[in-house]
Each structure stands twice: as C-alpha cells, then as structure tokens.
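Here are the chains, one letter per residue:
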Amino acid sequence: MPGAVCLQGGGEFSAACSPMDAELLGRAPGPVAVLALAARPGAEHDRAAAHGVSHFRRLGADAFVVPDPRVPGAREGDAARALEGVGLVVLPGGSPARLLDALTSTGLDEVLRDHVHGGGAVMGASAGAMVLGSWTVLPEEGPSLAPGLGLAEGLVVVPHWHGARDDWLAVIGEGLVLGLPE
C-alpha cells in the first residue's frame, strides 16, 4: 500500500504547520529523517536540518538529520542507509534545482520512491513539495520545467502561491498546477 505524500507551500516547521505535521506523524510511525538537500552544503544545510529536527522533536517524534552526501568525505550510501526504517522523510525548502540534482545524482530519488511505494511517508515544503510532482519548475533556470519525482502524480506544484505566476505558468503550459499558499 502506498504511503502518504504531504505537500506544504512553505512556512515549514512553524507553529501553523504543527497540527498538519502531527497528523502526518500519526500516519507515519517511526523515526523522522530530515533531508535538507535544497539548502547549500555546510552551514545553510545544517541550520535547515536542525530546525526541522527541533520542530519534529517538539511534536514528540524521534527525529534526526540525514547525512549530506554532497560534502567532501561523505561516504557513498550513508544517506540512503540513514533512511532505512524511517516513517517520515522531510524535504524542507530551498532551491528546487539544487534538491532535484542532489536527489538524482545520489540515487536518493529512487530511495524516496521505494520508501513511499513501501508505505512510508514523505513531506515536502516549498522546493521539497515542488520536486515531488511529476514535473517541477526550476526558477533559477529561466524558469524551466524538468521531470520531478512523480510522487504527487500528474501535478506541477507551485509553492508560496499568492496569485498568478505568469512566468512559471507559461513554462508549465497545459499541466495540472497545484498552487499552495504558505
């Protein structure tokens, strides 16, 4: 049975998201893994990951940071092994292009697909939500459209929705767009 996919427009780890996140924890028993690859490696990654871990621990979860496979000296497969047996994988916001590249270049895209298809849950916020669709907008690249992970099948996710994003909508064309507010 496929697991849950939660899409958040942004504002992840805020008090406003706590009820939704608590509900998701009830559907995804087990540890929570924060995979902050939309952030730049180093201090930006560490801050985003620590913020996510702190948020989910406040909600009573056993949460931890997934090792960043992009840093020098990272051992191949450590990030994938860290995801074994977790209930929920969290993809915070940042750059959708950076996140998509990190997931696909390390094979973590397949690990996430297997996780959800095996009954696990994934939560994506902002860039994290964007890459979970069948297609994703890469605003840093024009904008342009690229294949996403397909876990939110048939959707192009547009976070921080406050109305028309004509430049993004022109790139998307005829696709089904899910605009998510904060």
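Going by the structure above, here's the rest.
What comes next concerns the included structure. Note that the structure is predicted; figures quoted are calculated from it, not measured. (Residues numbered from 1 in each chain as written. Predicted model: local features only at pLDDT ≥ 70, side-chain atom pairs only at ≥ 80, totals over all residues. Heavy atoms only, no water.)

This part is about the overall build of the protein. A count of helical and extended segments in the protein gives 7 helices and 9 strands. Scaling as 2.2 N^0.38, a compact globule of 182 residues should have a C-alpha radius of gyration of about 16 Å, and the protein matches this with 15 Å. Residue burial in the protein is summarised as follows: out of 182 residues, 48% are buried. Long-range contacts, defined here as pairs at least 24 residues apart, represent 67% of the contacts in the protein between residues at least 6 apart. Only carbon and sulfur atoms are counted for the fraction: they give 54% of the accessible area of the protein, which is about 8200 Å². Across the protein, the centroid of the 11 positively charged side chains sits 7 Å from that of the 21 negatively charged ones. (Helix = DSSP H or I, 4+ residues; strand = E, 2+ residues; numbered from the N terminus. Rg over C-alpha atoms; globule rule 2.2 N^0.38 Å. Buried < 20%, exposed > 50% of the residue type's maximum accessible area, 1.4 Å probe, protein only. Contact = heavy atoms within 4.5 Å. Areas by Shrake-Rupley, 256 points an atom, 1.4 Å probe, with all protein chains shown as cover. Lys, Arg positive; Asp, Glu negative; His and termini not counted. Charge placed at Lys NZ, Arg CZ, Asp CG, Glu CD.)

A word on helix H2 (residues 43–58). For H2, with 16 residues, the first-to-last C-alpha span of 22 Å sits near the 22 Å given by 1.5 Å per residue. Of all the positions in H2, only His45, Ala48, Ala49, Gly52, Val53, His55 and Phe56 are classed as buried. Down the axis of H2, the smallest arc covering the buried residues is 160 degrees, so these residues share one side. Opposite its buried face, H2 presents the exposed residues Arg47, Arg57 and Arg58, each directed more than 90 degrees away. Residues of H2 that are buried make contact with helix H1 (18–27), strand E2 (32–34), strand E3 (63–65), strand E4 (88–91) and strand E5 (121–125). A positive phi of about 95 degrees marks Gly60, the residue just after H2. (Expected span 1.5 Å × (residues − 1). Arc of directions from axis to C-beta.)

So, on to unusual backbone geometry. The residue after Gly142, namely Pro143, is reached through a cis peptide bond having omega 5 degrees. By the secondary structure assignment, Pro143 is in the loop between strand E6 (133–138) and strand E7 (144–147). Positive phi, close to 55 degrees, is recorded for Ser126, a residue that is not glycine. One can find Ser126 in the loop between E5 and helix H6 (127–132). For Ser126, a relative accessible area of 10% puts it in the buried group.

Checked against the element boundaries, Leu24 lands in helix H1. A relative accessible area of 5% places Leu24 in the buried class. For Leu24 and Cys6, which are 18 residues apart along the polypeptide, the C-alpha to C-alpha distance reads 7.8 Å.

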